[in-house]
Amino acid sequence: MRKVQATFQCDCETRVHRVVRYTDLPAQWEPDLRFLVLVQSEKERLGVEDLRSAGLAHVAWVESAALEDGDVVVPNPNRGECAVLLRESDAHHALFMTNRCNSLCLMCSQPPTPNNDSWLVAEAVDAIQHLRWSPPVLGLTGGEPLLLGDGLRCVLDAVQAHHPRATVEVLTNGRLLANSEVATQILQGLTTRVRWLIPLYGHADFLHDFVVQVPGAFDETLTGLLTLQTYQQEIQLRTVLIEPVLQVLPELAGFVGRNLPFVREMALMGCEPIGFALANRELCEVDLGHWGDTLAQAARILRRHAIPHLIMNVPLCALPRSMWSLAHRSISDWKNVYAAECGRCVAKSDCSGLFAWHESGWKPSFLKPLDTNEVIA
Ligand code: SF4
């Protein structure tokens, strides 16, 4: 989530607001919503103050060059900053649901904390209500969103109520869906279109359990996957490419093809060099440029089993030419950067680039700017 500098009307609430232009406020006004009016002049600022004095408590002005009309934000007047939860011009849209988790993955980019952050459910519902545009895809991330139980269901239902055309992508380890009570609570009667993004790190329990650092996790995740299939839910398997996983990637691809043929697709993902990945650097830092044959072999196996597959978070120059068509620009806007050498690359607009923190972590491979001949070859 990005935070931007802003100046606010001093009594503005630290709650979800929609950013709106002064001239658009009358058309967008709804009594249950809170509005931050992006003022451009003293006249507009005084106009908002007049509205507030007249009793419109849910309206306040804001000045900021970094906010956009339609942003869904939480202002923090004391710090002079605003958290931008959702922005229409972004390519990716996601809400953070909890920092708690029941796994401790070796490469976790968001190390969990035990604190009670259940208020995030109400904030997410609020954000969904304040969205004036409907995202085609809305991600729900954590932490482990299934820990929220009916709180997660509440958020899914809010999406269906306010943005029925949106697909929700829930990033979850799926383990709690092995519990029939939790599965019923979340899945029974669900009408929201949901794609469940579930990590799988091995074709055998000791591998997956080692990566997620929980004995029994493999069995729970598989049961969760079968439960989702029973409820005819869409599933994307996610596999982060760290060394122990790369060592068994072809076997994992074969396992998925033989045992989980119902999944919609399998995503092979570059590791985000932050969080626990830095602490477990010897297992997580790999030069993907050296694993091209393994990636190509896994792709061949998945193709043979008719499992659609894609590559995320990996620059084109780290992949064999034959896999470029599988690569997606998948890194969230606010944490996506390109290196100096990318300025000379003709494929930059099609490339996922790098995580912003690659400087303090690592690059996924030695970068090699591509020229026109390589791209059209
Ligand atoms: S040089 Fe940069 S833009 Fe070009 S393929 Fe590599 S990472 Fe992508």
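A.B. asks: Tell me about the site of the ligand, residues and numbers included.
C.D. replies: For the ligand, the full set of nearby residues is Pro315, Leu316, Cys317, Cys342, Cys345, Lys348, Cys351, Leu367, Pro369 and Leu370. Classifying every residue of the shell around the ligand gives nine nonpolar, no polar and one charged.

A.B. asks: Could you give me a rundown of the sheet that holds strand S10 (residues 167-171), with the residues and numbers involved?
C.D. replies: Strand order in the open sheet formed by eight strands is S8-S9-S10-S11-S12-S13-S14-S15, with parallel pairing between adjacent strands. Two strands lie at the open edges of the sheet, namely strand S8 (94-96) and strand S15 (327-328), each paired on one side alone. Strand direction decides the pairing type here: strand S11 (residues 193-199) and strand S12 (residues 234-240), joined by five bridges, are parallel. Of the residues in S12, the one forming a bridge with Trp196 is Ile235.

A.B. asks: Describe helix H9 (residues 249-259), with residues and values.
C.D. replies: In terms of burial, H9 is largely enclosed, as eight of its eleven residues are buried. Leu249, Pro250, Leu252, Ala253, Gly254, Phe255, Val256 and Gly257 are the residues of H9 that are buried. Looking at the buried positions of H9, the neighbouring elements they touch are helix H7 (217-230), S12, helix H8 (243-247), strand S13 (265-269) and helix H12 (292-304).

A.B. asks: So what's going on with the domain arrangement of the protein? Which residues, and what values?
C.D. replies: Domain assignment breaks the protein into domain 1 (2-84) and domain 2 (94-376). A separation of 34 Å is found between the C-alpha centroids of domain 1 and domain 2. Of the residues lining the interface, twelve residues belong to domain 1; the matching set on domain 2 comes to ten residues. Both faces combined, the contact of domain 1 with domain 2 buries some 960 Å², and carbon together with sulfur accounts for 55% of it. Linking domain 1 with domain 2 are two salt bridges, by the criterion used here. Of the charged contacts in the structure, one is a salt bridge between Arg34 and Asp126, with a shortest N-O distance of 2.4 Å. Contributing elements (two or more residues each) for the side of domain 1 that touches domain 2: strand S3 (17-21) and strand S6 (72-76). When the residues that make up the side of domain 1 that touches domain 2 are grouped by side-chain class, the tally is four nonpolar, three polar and five charged.

A.B. asks: Explain the packing of aromatic side chains to me, using residue names and the numbers behind them.
C.D. replies: Tallied over the entire structure, the rule returns three aromatic pairs. The side chain of Arg45 reaches across the aromatic face of Trp61, ending 5.2 Å from its centre.

Thresholds applied
- Residues numbered from 1 in each chain as written.
- Predicted model: local features only at pLDDT ≥ 70, side-chain atom pairs only at ≥ 80, totals over all residues.
- Heavy atoms only, no water.
- Near = heavy atom within 4 Å.
- Nonpolar A, V, L, I, M, F, W, Y, C, P; charged D, E, K, R; others polar.
- Pairing = 2+ DSSP bridges.
- Helix = DSSP H or I, 4+ residues; strand = E, 2+ residues; numbered from the N terminus.
- Buried < 20%, exposed > 50% of the residue type's maximum accessible area, 1.4 Å probe, protein only.
- Contact = heavy atoms within 4.5 Å.
- Domains from an automatic or database assignment.
- Buried area = accessible area lost by both parts, 1.4 Å probe.
- Salt bridge = Lys/Arg side-chain N within 4 Å of Asp/Glu carboxyl O.
- Phe/Tyr/Trp six-rings, centres within 6.5 Å; stacked < 30°, edge-to-face > 60°.
- Lys NZ or Arg CZ within 6 Å of the ring centre and 35° of its normal.

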